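Residues per chain are reported as follows:
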Amino acid sequence: MSTTRRLAAILAADVVGYSRLVGADEAGALASLGVLRRGIIEPNVARHSGRLFKIMGDGFLAEFASAVQAAVCAVAIQKETEASAFGLDAARKMRLRIGVHVGDVMVEGDDLLGDGVNIAARLEGLAEPGSVCISRQVYDQIEGKLPLTCRPLGPQKLKNISKPVDAYALDGAAPGRIGSNDMKLKIEYCRAPDGVRLAYASVGSGPPLVKTANWMNHLEFDWENPDLRHVYTSLAQDFTLLRYDARGNGLSDWDVEEVSLDAWVKDLETVVDAAGLDRFPLLALSQGCAISVAFAVRHPERVSHLILYGGFARGAYRRAKNELELQQAKALAMLIRTGWGSDTPAFRQLFSSLFMPGGTPEQLRRFAERQRNTTTAECAYRFFEVTRNLDVTELLSKVNVPTLVMHKRDDQVQPFEAGRELAAGIRGARFLALPGQNHFPLAQDPETERMIEEIRLFLKPR
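Bear in mind the structure is a predicted one, so any value in this text is a computation, not a measurement.

Moving on, we get to the packing of helix H7 (residues 229–236) against helix H17 (residues 446–459). At their nearest, the axes of H7 and H17 sit 11 Å apart, and the two run at 25° to each other. Taken as axis vectors, H7 and H17 run roughly parallel relative to one another. The element H7 and its partner H17 pack so that their crossing is right-handed. Contacts between H7 and H17 pair His230, Val231, Ser234 and Leu235 from the former with Thr448, Glu449, Ile452, Ile455 and Arg456 from the latter. Looking at the contact of H7 with H17 residue by residue, the class counts come to four nonpolar, three polar and two charged.

So, about the side chain of Thr270. Residue placement: Thr270 occurs in helix H8 (residues 261–274). Non-local contacts of Thr270, meaning those with residues more than four positions away in its chain, are made with Cys190, Arg191, Ala192, Pro193 and Leu198.

The next subject is the pattern of salt bridges. Evaluated as defined, the whole model comprises 22 salt bridges. With its nearest N and O atoms 3.3 Å apart, the salt bridge here joins Glu378 to Arg337. Here the residue Glu378 occupies a position in helix H14 (residues 377–388), and Arg337 occupies one in helix H11 (residues 323–339), the gap between them amounting to 41 residues. We classify Glu378 as partly exposed; its relative accessible area is 37%. Among the residues examined, Arg337 registers a relative accessible area of 35% and is labelled partly exposed. Taking the shortest distance from any N to any O, the salt bridge between Glu417 and Arg420 comes out at 3.4 Å. Pair noted here: Glu417 and Arg420 are both in helix H16 (residues 416–425), with a separation of three residues, about one helical turn. The exposure class assigned to Glu417 is exposed, which follows from its relative accessible area of 52%. Taking the relative accessible area as the measure of exposure, Arg420 reaches 44% and is therefore partly exposed. Overlapping salt bridges, with partners in common, bring together Asp262, Lys266, Glu269 and Arg298 in one network.

A rise of 1.5 Å per residue sets the reference length of H11, with its 17 residues, at 24 Å; its end C-alpha atoms lie 24 Å apart and thus fit the reference within 8%. The set of residues buried in H11 consists of Leu326, Ala329, Leu332, Ala333, Ile336 and Gly339. Two or three places before Leu324, at the start of H11, stands the capping residue Asn322, its side-chain oxygen 3.1 Å from that residue's backbone nitrogen.

Quick look at the packing of H11 against H14 now. The relative placement of two packed helices is expressed as an angle between their axes plus a distance between the axes. Between H11 and H14, the shortest axis-to-axis distance is 8 Å and the interhelical angle comes to 160°. Overall, the two elements H11 and H14 adopt an arrangement that is roughly antiparallel. The handedness of the crossing between H11 and H14 is right-handed. For the pair H11 and H14, the contacting residues are Ala329, Leu332, Ala333, Ile336 and Arg337 in the first and Ala377, Glu378, Ala380, Tyr381, Phe384, Glu385 and Arg388 in the second. Residue composition of the contact of H11 with H14, grouped by class: eight nonpolar, no polar and four charged.

What follows covers helix H2 (residues 26–47). Taking 1.5 Å of rise per residue, the 22 residues of H2 would be expected to cover 32 Å, and the 30 Å separating its terminal C-alpha atoms lies within 8% of that figure. Considering bend angle alone, the principal kink of H2 is centred on Arg37 and spans about 40°. Along H2, the residues that are buried comprise Ala29, Leu33, Gly34, Leu36, Arg37, Ile40, Ile41, Asn44 and Val45. Following H2 by one or two positions, Ser49 adopts a phi angle in the positive range, close to 60°.

When the pLDDT values of the protein chain are averaged, the result is 87; 92% of them are 70 or greater. Under a pLDDT of 50 for its full length, residues 172–176 has, in the predicted model, 15 contacts with residues more than four places off or in other chains.

Next up on the list: the packing of aromatic side chains. Here the structure, examined in full by the defined rule, presents seven aromatic pairs. Relative to Phe431, the ring of Phe416 lies with its centre 5.5 Å away and its plane at 55°, an arrangement referred to as tilted. Residue Phe416 is found in helix H16, and its partner Phe431 is found in strand E16 (residues 430–434); the two are separated by 15 residues along the sequence. An aromatic cluster of at least three residues, connected via ring pairs, comprises Trp215, Phe355, Phe384 and Phe440.

Definitions and cut-offs
Residues numbered from 1 in each chain as written. Predicted model: local features only at pLDDT ≥ 70, side-chain atom pairs only at ≥ 80, totals over all residues. Heavy atoms only, no water. Axes fitted to C-alpha atoms, helices over the stretch in contact; angles between N-to-C directions. Helix = DSSP H or I, 4+ residues; strand = E, 2+ residues; numbered from the N terminus. Parallel < 35°, antiparallel > 145°, perpendicular 65-115°, else oblique. Left-handed = near helix turned anticlockwise from the far one by under 90°. Contact = heavy atoms within 4.5 Å. Nonpolar A, V, L, I, M, F, W, Y, C, P; charged D, E, K, R; others polar. Salt bridge = Lys/Arg side-chain N within 4 Å of Asp/Glu carboxyl O. Buried < 20%, exposed > 50% of the residue type's maximum accessible area, 1.4 Å probe, protein only. Expected span 1.5 Å × (residues − 1). Polar contact = N/O pair within 3.5 Å; in protein donor to acceptor, adjacent residues only side chain to side chain. Bend = angle between axes of the 7 residues up to and from the residue. pLDDT = per-residue confidence, 0-100. Phe/Tyr/Trp six-rings, centres within 6.5 Å; stacked < 30°, edge-to-face > 60°.

Below you can see the structure in the form of structure tokens.
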């Protein structure tokens, strides 16, 4: 009886250090492996027209008719596995090694045998944790067809394989960087417990990074704004960036009954649940810092890192040293209520001198347009009043995650001392003073590049 043979793309994978994980927490490791298989591996194999033909403890083998489908599936599995494990300590983190080869295989019922399978399994052993190793045969099939970065490893002598195999590493098991012009924004909606509709959007690739909403957010308008887009697209090169519009802002509902710290924290809970995120770092600007602190204290198991930029623990009303400072802060609130979105030069000049000193005429025009598109005068006033009454100083000592605090020395909206107070209250927080006056991290500011690079370094896996 002749043996049936066919050409197939084989994907081989196993969990790095599975015995160690089992030794540390057997029940937890088995449960995590089950979640990994059911939630990531099986759906991706099926999605890319593959077939799981063998499961061996913590490893598995899958067959594909196309090298392209196998490579794309391998990348997707690694990307989702790394994202799900981001921020977990080593004792709980499950990571995979994956090898992919195209070759002749022997068919025995539902099983596949032969060098085509063996080479894939040996290549898996060469892969770095969280990465994919492919053979020359796979490389020849995917070159020019997929935006993947392939690093040659040279000829490899593999156990029980007679001839050396040319191998390549798919660095990071992730597609090459997406150009900022090719990034597409997809808006989705969810509802907070009190029925308020919230808009959120993700963009980019890599582990998650959640930006807490703050005053004057608009998902679409901010994405198209050249003053802000650079920050978001730069972060989306390395992370899957999740943003959302606060209640009363942007594409979220404007007509809302409650505006409070508790409501904002619940809104953040709602958005990350809707996006299916379990554990993630939080990036916050201005009053978003207080919201992030409160969320991290309420949900310490969900926050891996805090990045707080231009923020404060106490709002302007709470930190006013005397009656004069208090009245000055209230006067600004009244101007917002009466002049929000105004084209009046005096009003624009007042706000530009606070938020973006020295802004160009075009930036000032965009700033006024942003006010009109973001919310109404009444919503802005309510948001501003609650923000200026915030006080999370008692929560700072309860934050127990790595924290980076950045603040500009000459910020006119939130004074430098407010940033220092925020950092001083969080145990082990790193404080970075940046030059400049602009409250927003604008694309044209050299310190914005420093901010982006510091975020990358802070979140880089150790």
